[in-house]
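What the coordinates show
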Amino acid sequence: MGDIEKFITDNRKAFDDELPPDGIWENITAVFEGEDLIKKREKSLRLRTMVSAAAMLVLIASAAILFYYTRPSARLDYSQIDPVLAKQQVEYASLINEKKDALSTMAMNDPQLYQEFTAVIEKMQANYKQLKTELNQSPNKELTLEAMINNLKVQIEVLNQQLEILNYIHKQEKKTPYEQI
């Protein structure tokens, strides 16, 4: 046995002789109830904050969805105007992107020429974007869509010519001086 345990055993009667002061248990329970009350308030505050945040999130999401579905469509579905023209528009736009990629890889050796080529195409694309914005207000949407497709066709022709020029330059660079004569 340790010294403390021996002391307690020897003096047990002296410890049991004293009575706690009146109201000690009430004070102890009041302290614990106060802590419980504080914990309950903190829990309710956290719960209220989380519920408020969730409600705000639901409100914002609902407003965004409502706004998205009730606003007038900024983009027209070209297939509603003319399905054949819509299909052509998609094909030509895809072909233009392919040719631009080919042009950019071929023109790496001549950045100045590539800049001139892209400037021409950018002007044509600006015209295309203008036609695209006019399509929304156009009384004859089919005619405007045809103009857009014609613009895409011309862009493809210009890109083809630019690729031919780059191929020609590339072939000339590969020829020996005797072959160039």
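Within each chain, residue numbers correspond to sequence positions counted from 1 in written order. Local features are withheld for residues below a pLDDT of 70 in this predicted model, meaning they are given only at 70 or higher, and side-chain atom pairs are given and counted only at 80 or more; totals for whole chains, interfaces and linings count all residues. Calculated side-chain values reflect all of the structure's heavy atoms, with hydrogen atoms and water omitted.

The next point concerns the overall build of the protein. Helices and strands together make up the secondary structure of the protein, namely eight helices and zero strands. Here a strand is any run of E in DSSP of at least two residues, a helix any run of H or I of at least four, and the numbering for each starts at the N terminus. Each helix (α) and strand (β) of the protein, taken in turn from the N terminus, gives the series α-α-α-α-α-α-α-α. Against the globule reference of 16 Å for 181 residues, the protein gives a C-alpha radius of gyration of 41 Å, more extended than a compact globule. In terms of overall dimensions, the protein has C-alpha extents of about 125 × 60 × 25 Å along its principal axes. Considering the protein as a whole, with its 181 residues, one finds that 17% of them fall into the buried category. By definition, residues are in contact when any of their heavy atoms lie within 4.5 Å. Counted over contacts in the protein with a minimum sequence separation of 6, partners at least 24 positions apart contribute 73%. Computation of the radius of gyration draws on C-alpha atoms, with the globule rule given as 2.2 Å multiplied by the number of residues to the power 0.38. Throughout, exposure labels follow a simple rule: accessible area from a 1.4 Å probe, protein chains only, divided by the maximum for the residue type, with under 20% read as buried, over 50% as exposed, and the rest as partly exposed.

As a rule of thumb, nonpolar side chains are buried together in soluble globular proteins. Grouped together as the largest cluster of nonpolar side chains are 22 residues, with contacts concentrated most on Y78, L103, L145, M148 and L166. Among the elements that line this core, the one with the most residues is helix α7 (residues 141–174), at nine residues. Leave out the neighbours within four places in its chain, and Y78 touches A86, Q89, K132, L135, L145 and M148. Side-chain atoms within 4.5 Å link the members of a nonpolar core, which is a set of buried Ala, Val, Leu, Ile, Met, Phe, Trp, Tyr and Cys residues.

Within this document, salt bridges are pairs made up of a side-chain nitrogen of Lys or Arg and a carboxyl oxygen of Asp or Glu, the two lying within 4 Å of each other. Scanning all chains against the criterion turns up one salt bridge. Residues R46 and E42 are paired through a salt bridge, measuring 3.9 Å at the closest nitrogen-oxygen approach. Here R46 and its partner E42 are both found in helix α3 (residues 24–70), four residues apart, which amounts to about one turn of the helix. Exposure remark for E42: the relative accessible area of 40% places this residue in the partly exposed category.

The subject of this paragraph is the packing of helix α5 (residues 83–106) against α7. Geometry is summarised by axes, namely lines fitted to C-alpha atoms with helices restricted to the contacting stretch, and by angles between N-to-C directions that run from 0 to 180 degrees. Running from amino to carboxyl end, α5 crosses α7 at an angle of 25°, the nearest separation of the two axes being 9 Å. Considering the angle they form, α5 stands roughly parallel to α7. Crossing of α5 over α7 shows left-handed handedness. Each residue is assigned to one of three groups, with Ala, Val, Leu, Ile, Met, Phe, Trp, Tyr, Cys and Pro labelled nonpolar, Asp, Glu, Lys and Arg labelled charged, and all others, Gly among them, labelled polar. Classifying every residue of the contact of α5 with α7 gives 16 nonpolar, six polar and five charged. Oblique is the label for any angle not under 35 degrees, not over 145, and not in the 65 to 115 range, which are roughly parallel, roughly antiparallel and roughly perpendicular in turn. With the far helix as reference, a near helix turned anticlockwise by less than a right angle produces a left-handed crossing, and one turned clockwise produces a right-handed crossing.

Their axes nearest at 11 Å, the elements α5 and helix α6 (residues 111–137) cross at an angle of 165°. In terms of axis orientation, α5 runs roughly antiparallel to α6. Judged by the sense of rotation from one axis to the other, the crossing of α5 with α6 is left-handed. Of α6, the residues touching α5 (which contributes Q89, K100, L103 and S104) are Y114, F117, I121, Q125 and Y128. Residues that form the contact of α5 with α6 fall into these classes: five nonpolar, three polar and one charged.

Time to look at the environment of Y114. Within the secondary structure, Y114 sits in helix α6. For Y114, a relative accessible area of 27% corresponds to the partly exposed category. On a C-alpha basis, the gap between Y114 and Q162 in space is 9.0 Å, while along the polypeptide they are 48 residues apart. In this view, Y114 contacts L103, S104 and A107; residues no more than four positions away in its chain are not counted.

On to a nonpolar patch on the surface, then. A patch consists of residues exposed above 30% relative accessible area that lack any salt bridge, with like charges linked at up to 9 Å and nonpolar side chains (Val, Leu, Ile, Met, Phe, Trp, Tyr) linked at up to 5 Å. Here the Shrake-Rupley method, with its probe set to 1.4 Å, supplies the accessible areas, and only the displayed protein chains count as covering residues. A cluster of nonpolar side chains, contributed by I4, F7, I8 and F15, occupies part of the molecular surface with about 420 Å² of accessible area. Among the elements that make up the nonpolar patch, the one with the highest residue count is helix α1 (residues 3–10) (three residues). With respect to the helices, strands and loops of the structure, I8 is situated in helix α1.

Quick look at the side chain of S138 now. On the secondary structure map, S138 appears in the loop between α6 and α7. Judged by its relative accessible area of 12%, S138 is buried. As used in this structure description, the phrase polar contact means that two N or O atoms lie within 3.5 Å; if the pair is within protein, one of them must be able to donate a hydrogen and the other to accept it, and residues adjacent in sequence are counted only when both atoms belong to side chains. In terms of polar contacts, S138 uses its side chain to reach the side chain of T144, at 2.8 Å.

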